[in-house]
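What follows is each chain in one-letter form.
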Amino acid sequence: MGWKPEETYVLEHGYCRSLYTSDPNGLLLEFTLDSRGIEESDAAERRRTARAELMAWLEGDHTSNNTWR
């Protein structure tokens, strides 16, 4: 009730697929599904670089680490 299909869309992020829609109160909702194989392809590299990336972010380097887009 009150759902607007015309305000619903899907984005392919590379590492996941997101469906966006608005609820009857106008709040944006996101439903996300990881791409197949993403855990195997990315997890080891993320664990290896996590600390260095966090330190860089805290020091002001907000460069995206998303290599999928």
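Reference entry: report on the structure contained in this document. (Residues numbered from 1 in each chain as written. Predicted model: local features only at pLDDT ≥ 70, side-chain atom pairs only at ≥ 80, totals over all residues. Heavy atoms only, no water.)

## Some points on the pattern of salt bridges
Next up, step 1: All chains considered together, the criterion is met by one salt bridge.
Next up, step 2: Across the pair arginine 17 and glutamate 12 runs a salt bridge, and its minimum N-O distance is 2.5 Å.
Next up, step 3: Take arginine 17: its relative accessible area is 47%, and that puts it in the partly exposed class. (Salt bridge = Lys/Arg side-chain N within 4 Å of Asp/Glu carboxyl O. Buried < 20%, exposed > 50% of the residue type's maximum accessible area, 1.4 Å probe, protein only.)

## Some points on the sheet that holds strand β2 (residues 16-22)
Next up, step 1: The antiparallel open sheet is built from three strands, whose spatial order is β1-β2-β3. A strand with exactly one partner marks an edge of an open sheet, and here the two such strands are β1 (9-12) and β3 (28-34). Averaged over all adjacent pairs, the angle separating strand axes in this sheet is 20 degrees, with direction ignored. (Pairing = 2+ DSSP bridges. Helix = DSSP H or I, 4+ residues; strand = E, 2+ residues; numbered from the N terminus. Axes fitted to C-alpha atoms, helices over the stretch in contact; angles between N-to-C directions.)

## So, the layout of surface pockets
Next up, step 1: Of the pockets and cavities examined, the largest pocket occupies roughly 150 Å³.
Next up, step 2: If you go around the largest pocket, the residues you meet are Glu53, Ala56, Trp57, Asp61, Thr63, Ser64 and Asn65.
Next up, step 3: Taken together, the residues of the lining of the largest pocket sort by class into two nonpolar, three polar and two charged. (1 Å grid on protein atoms, 1.4 Å probe; cavity = no way out; pocket = protein on both sides within 12 Å on 5 of 7 lines; lining within 4 Å. Points joined across faces, edges and corners; volume = space filled by probe spheres on them. Nonpolar A, V, L, I, M, F, W, Y, C, P; charged D, E, K, R; others polar.)

So, to be careful, I would describe these as geometric facts and stop short of saying anything about function.
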